[in-house]
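# Analysis of the macromolecular model
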Amino acid sequence: MATIRAPRHSLRAVTAGGITTALLLSAGGCGGSSSGHGTASAGTRGGNAAPAEVPEATTFTTVTGAPADTTPGGATDGLVVHPTSPAPVFDRPAGHRFATLPTTELGGPTWVPVVETSGDWRRVLLPSRPNGATGWVPGTALKTARTPYTVRVDLTRRRLVLEKSARPVGRWPVAVGDVKTPTPTGRTFVMATLAPAGKTPSPIVLPLGTHSATLDTFGGGPGTVALHGWPDASVFGKAATHGCVRVPAVALKALSRVPLGSLVFISA
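Residues numbered from 1 in each chain as written. Predicted model: local features only at pLDDT ≥ 70, side-chain atom pairs only at ≥ 80, totals over all residues. Heavy atoms only, no water.

This part takes up the UniProt feature "active site" (unreviewed entry) in the chain. Annotation from UniProt places "active site" (unreviewed entry) at His228 and Cys244. Considering the C-alpha atoms alone, the annotated residues occupy 17 residues of sequence yet fold into one spot, their largest mutual distance being 7.7 Å. Locating histidine 228 in the fold gives a position in strand 20 (residues 224-229). We classify histidine 228 as buried; its relative accessible area is 0%. (UniProt positions renumbered as here; feature names shortened; annotations may be inferred. Helix = DSSP H or I, 4+ residues; strand = E, 2+ residues; numbered from the N terminus. Buried < 20%, exposed > 50% of the residue type's maximum accessible area, 1.4 Å probe, protein only.)

This is how it looks when you write it as structure tokens:
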């Protein structure tokens, strides 16, 4: 089974074997999984809900009651957090609990970007449906780090720009979603780094914390959007995918070094 040796283990997810192969949607080239997504909405005030009463915030779940990301173009200072134990997620500090943020996502550590801070509380982007879902988690039992990287995808120009410390370090033409299955816009993040086993269109897949807006499921999975390579270079610069962003090999190599939780801005 293939694995990725990560230079920064605290911010990387290294996953191998079957789960990663399932997440690479072979012909379509979009992220998905062999598991479906569920919907759950139960919760209580003040964090007293039993874990079974609220869903885990993962790429497979749909959460209700999550505040929407109201500044989808907003930059941050690069702060990302990792729950060292399952963290309750609220609609506001000490408000209504609607989810639990697990310690792992897709076999690797959960790292999510902080988009707002209030006292000891952190508002983070979530990997669940609906797109743009956020939630407040208590600062206790959170490991923190900072990432200097930002990924920007311009759907009109069909171009990806990788920035480090707000300065471009790479620009590449990419393939984006076609008119029927467009790549969703907004602010999201690098959720995992996966190394598919066997013969696949891409040696590395980077699932994002966002989903197709037109496909509830694809290839048996939840329609997770991803950044990944593609063997046919003629697709770059075209709208030709089911929502994922296909990138050249040199771009994929650079993106594979981007820490988990790093922001990804997708604009029309």
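Quick look at unusual backbone geometry now. Each neighbour pair has its own omega, and for arginine 129 with proline 130 the value is 0°, a cis peptide bond. Residue position: proline 130 is located in the loop between strand 10 (121-125) and strand 11 (134-138). For serine 165, which is not glycine, the phi dihedral falls at a positive 55°. Inspection of the secondary structure assignment puts serine 165 in the loop between strand 14 (159-164) and strand 15 (167-173).

A few words on the sheet that holds strand 17 (residues 186-189). The strand order across the open sheet formed by five strands is 15-14-13-23-17, and the pairing between neighbours is mixed. Taken across any chain shown, the strands that pair with only one partner, and hence form the sheet edges, are strand 15 and strand 17. Adjacent strand axes in the sheet meet at a mean angle of 20°, parallel and antiparallel pairs treated alike. Across four bridges, strand 17 lies against strand 23 (residues 263-267) in antiparallel orientation. The residue of strand 23 that forms the bridge with threonine 188 is valine 264. (Pairing = 2+ DSSP bridges. Axes fitted to C-alpha atoms, helices over the stretch in contact; angles between N-to-C directions.)

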